[in-house]
Amino acid sequence: PVRKSYYSNDEIVQKAMDAKNGDKFRRLWEGDWQSLGYASQSEADLALLSILLYWTDGSETRAAVLFEQSGLVREKWQRAGYRRGCFEYLRRGGPH
């Protein structure tokens, strides 16, 4: 099987949309986190990042680049401490 990390960014987005949880991914990707019942946009950020990490074989750099193309990106994401905290939380296995 082809490692997911060999896919282009566009292919990753398309494959994530076509996956079993594709509707959830699409809504998060488009920034529609409220319809999914998240209590905050930060929780939705973690959910999208978790999916992106799966599709990038755990590459935080690549997941961050993709996240910046999503409808969830906002000024808060530009803070290095926020980005770092999100990835650290997910590495520790926090719920998403």
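Here the structure is shown first, and the text comes after it.
Residues numbered from 1 in each chain as written. Predicted model: local features only at pLDDT ≥ 70, side-chain atom pairs only at ≥ 80, totals over all residues. Heavy atoms only, no water.

Trainee: Can you walk me through helix H1 (residues 9-18) in this structure?
Mentor: Because each turn of an α-helix spans 3.6 residues, side chains separated by three or four positions end up pointing in the same direction. For H1, the full list of buried residues reads Ile12, Val13 and Ala16. The arc that holds every buried residue of H1, seen down its axis, measures 95°, which confines them to one face. Opposite the buried face of H1, by more than 90 degrees, sit the exposed residues Asp10 and Asp18. (Buried < 20%, exposed > 50% of the residue type's maximum accessible area, 1.4 Å probe, protein only. Helix = DSSP H or I, 4+ residues; strand = E, 2+ residues; numbered from the N terminus. Arc of directions from axis to C-beta.)

Trainee: Just to check I follow, could you spell out the environment of Ala44 for this structure?
Mentor: By the secondary structure assignment, Ala44 is in helix H3 (residues 41-55). Take Ala44: its relative accessible area is 0%, and that puts it in the buried class. Beyond its immediate chain neighbours, meaning those up to four positions away, Ala44 contacts Leu28, Trp33, Tyr38 and Leu72. (Contact = heavy atoms within 4.5 Å.)

Trainee: What should I look at first to understand unusual backbone geometry in this one?
Mentor: Leaving glycine aside, a negative phi is the common case for residues, and trans is the common case for peptide bonds. Of note, Asp57 is a non-glycine position whose phi angle comes to about 55°, a positive value. Take Asp57: it is sitting in the loop between H3 and helix H4 (60-67).

Trainee: I tried to follow helix H2 (residues 22-29) on my own but got confused; where do I start?
Mentor: Of the residues making up H2, those classed as buried are Gly22, Phe25, Leu28 and Trp29. With its buried residues spanning 130° around the axis, H2 presents them on a single face. A positive backbone phi angle near 90° is found at Gly31, which sits one or two residues after H2.

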